[in-house]
Structures are given as structure tokens and as C-alpha cells.
Amino acid sequence: MTDAASRESSHDCISRIDLVRGDITRLDVDAIVNAANTTLLGGGGVDGAIHRAAGPQLREVCAALGGCATGDAKITPAFRLPARYVIHTVGPVYRDGAHREPDLLRSCYEKSLALAEENGVNSIAFPAISCGAYGYPIDAAAQIAIDATLRFLADHPLPRRVSFVLLLESDYGVYERLLRDRRRA
Ligand code: AR6
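As the structure is a computational prediction, the values presented were derived from the model and not from experiment. (Residues numbered from 1 in each chain as written. Predicted model: local features only at pLDDT ≥ 70, side-chain atom pairs only at ≥ 80, totals over all residues. Heavy atoms only, no water.)

Caption draft 1: Examining the sheet that holds strand β3 (residues 73-77) more closely. The strand order across the open sheet formed by six strands is β1-β6-β5-β2-β4-β3, and the pairing between neighbours is mixed. Looking at the sheet topology across the chains shown, the edges are occupied by β1 (17-21) and β3. Shown here is a sheet whose adjacent strand axes are inclined to one another by a mean of 25°, direction ignored. Here helix α7 (residues 169-184) sits on the sheet and contacts β1 and β6 (161-166); the angle it forms with β1, its principal contact strand, is near 160°. (Pairing = 2+ DSSP bridges. Helix = DSSP H or I, 4+ residues; strand = E, 2+ residues; numbered from the N terminus. Axes fitted to C-alpha atoms, helices over the stretch in contact; angles between N-to-C directions. Contact = heavy atoms within 4.5 Å.)

As C-alpha cells, this is what we get:
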């Protein structure tokens, strides 16, 4: 098969993406992604929710990982969560968009998806990384999330399914609109 033939089209890849409104800790998928900080020792927002739901063993294994650089990702078991794995990634703190924020955010999606593939993950769920405490504008962040994911899926059979999980109705609306525009393109 030629490269072109083995590459899935962007339209085919969109069908591997879905949107979920709600709490990512409830999802029964192979892996959920955590918007962590560089210590990997827990925090507020989605990080706090994941650590609470997974139980104290998660913090113990995270403490042995020696932290994680911004834009990088590390994988652990998910303990009491319905998911099998947690992929911890550290998004950039948004300043003005001119401090490598887009590259670092893109890298979070790429590294998380690569780790998922290496671990045979069929289904993965992402929160809106950096869009809470780290202040990344949701429109720009969603664009990067969708773009990086579609590019990865075009070249890789795994993960088969990618869910973007949005706690806020307004964030869900942003992703919905962007995906609709992509389908029409
Ligand atoms: N399920 C899905 N999405 C959620 C949930 C949840 N349970 N809880 C919050 N969100 P944030 P960041 C959404 O602040 O901006 C932590 O303290 C939320 O609406 O969790 O990457 C870490 O330890 C927002 O859209 O992560 C770091 O110090 C998105 O998750 C820092 O915050 C991300 O918001 C990371 O900041």
C-alpha cells in the first residue's frame, strides 16, 4: 500500500472523535488524560478530581516518576477509576501565546497519543488541557487539540477512538462548532 493509501483521510479520522459533556473520571475508556503540573503530585481542577477518584495509590506511583516537563506525558495505572490507565501531561501556563504555548500544548496531545498507542490503548479521553487554572483561551486550545489529534490519527491505527470531555457547556459548544466546520471542509 502506498503512503497515501495507508493514510486515513481527515474525514475518516473525524469519525474516530467524539465529544462528551461531563466528568472525565466517570468514563469507561482505556485511558484518561490528566492535565497535571510538573510535580505530578496532584492539584486542583481535573487533576484533583482524578486523584480523588483513583485513590492514594495514584499519588504513590506518581511520586516515583520524578515529575514531568511541560509538553511531555507519562503513564500510570488508573487504580480505582473505571479507566485502565491515566496519562499525565503538563500543559503550558498561558501568558500571551508568544511563549511557545501553542507548540507545548500540541506536544501534550502528540505525546499522550503516542504513549496511548505504545500501550495498546483503543479508547482515550482528553480534558481541555491548560484551559482552566493555566488560562489558555478555549478557542485556540480546542483548535490545537483537534488538529493535533486528527494529524496523529491519520497516521496511526491506535487509539481507535478519541473523546474530548468538556465539563463546561460553553467549552463543549466550542469543540462542537470546530468539529462541525471540519466535517464541512
Ligand atoms: N472532568 C473533565 N474536565 C474537567 C474536570 C473533570 N472532572 N474538572 C475540571 N475540568 P484545569 P489546567 C476542566 O484547571 O488549566 C491543576 O491544579 C476545566 O473546566 O484542571 O491544565 C493542576 O495540578 C478546564 O476546561 O487544568 C495544575 O497545577 C480543564 O478541565 C493546573 O491545575 C482544565 O482545567 C493545570 O491547569
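Caption draft 2: Examining the site of the ligand more closely. Taken together, 21 residues lie near the ligand, and Asn37, Gly44, Val46, Asp47 and Ala133 sit nearest. Gly132 places a main-chain nitrogen or oxygen 2.8 Å from an oxygen atom of the ligand. Taking Ala133, its main chain carries an N or O atom lying 2.8 Å from an oxygen atom of the ligand. Taken by itself the ligand offers 700 Å² of open surface, and the protein chains cover 88% of this. According to the grid-proximity analysis, the pocket containing the ligand is the largest pocket. Elements with a minimum of two residues in the shell around the ligand: β2 (31-36) and α3 (45-54). At four residues, α3 tops the list of elements feeding residues into the shell around the ligand. For the shell around the ligand, the class distribution of residues is ten nonpolar, eight polar and three charged. (Near = heavy atom within 4 Å. Polar contact = N/O pair within 3.5 Å; in protein donor to acceptor, adjacent residues only side chain to side chain. Areas by Shrake-Rupley, 256 points an atom, 1.4 Å probe, with all protein chains shown as cover. 1 Å grid on protein atoms, 1.4 Å probe; cavity = no way out; pocket = protein on both sides within 12 Å on 5 of 7 lines; lining within 4 Å. Sits in = over half its atoms within 2 Å of the grid points. Nonpolar A, V, L, I, M, F, W, Y, C, P; charged D, E, K, R; others polar.)

Caption draft 3: Layout of the nonpolar core. The biggest cluster of nonpolar side chains holds 41 residues, and the ones touching the most others in it are Ile87, Tyr109, Ile124, Phe126, Val162, Phe164 and Tyr175. Among the elements that line this core, the one with the most residues is helix α6 (residues 138-155), at eleven residues. When sequence neighbours within four positions are dropped, the list of residues in contact with Val162 reads Arg16, Ile17, Asp18, Leu113, Ile124, Phe126, Thr149 and Leu153. Within the second largest apolar cluster, 18 residues are counted, among which are Ile24, Ala36, Leu40 and Ala125. (Core = buried A, V, L, I, M, F, W, Y, C linked by side-chain atoms within 4.5 Å. Buried < 20%, exposed > 50% of the residue type's maximum accessible area, 1.4 Å probe, protein only.)

Caption draft 4: Local environment of α7. Between its first and last C-alpha atoms α7 spans 23 Å; for 16 residues at 1.5 Å apiece the expected length is 22 Å, and the two agree. On its buried face, α7 sits against β1, α5 (101-118), α6 and β6. (Expected span 1.5 Å × (residues − 1).)

Caption draft 5: Geometry of the packing of α6 against α7. Orientation of α6 relative to α7, taken along the N-to-C sense of each, is 45°, at an axis distance of 10 Å. With respect to α7, the element α6 is oriented oblique. Every pair of crossing elements has a handedness; the one defined by α6 and α7 is right-handed. When α6 is examined against α7, the residues Ile138, Asp139, Ala142, Gln143, Ala145, Ile146, Asp147 and Leu150 are found in contact with a partner set consisting of Asp171, Val174, Tyr175, Arg177, Leu178, Leu179 and Arg182. (Parallel < 35°, antiparallel > 145°, perpendicular 65-115°, else oblique. Left-handed = near helix turned anticlockwise from the far one by under 90°.)

Caption draft 6: Examining the environment of Val29 more closely. Along the chain, the position of Val29 falls in the loop between β1 and β2. Look at Val29 and you get buried, because its relative accessible area is 11%. Distance in space between the C-alpha atoms of Val29 and Ser130 is 22 Å, their sequence separation being 101 residues.

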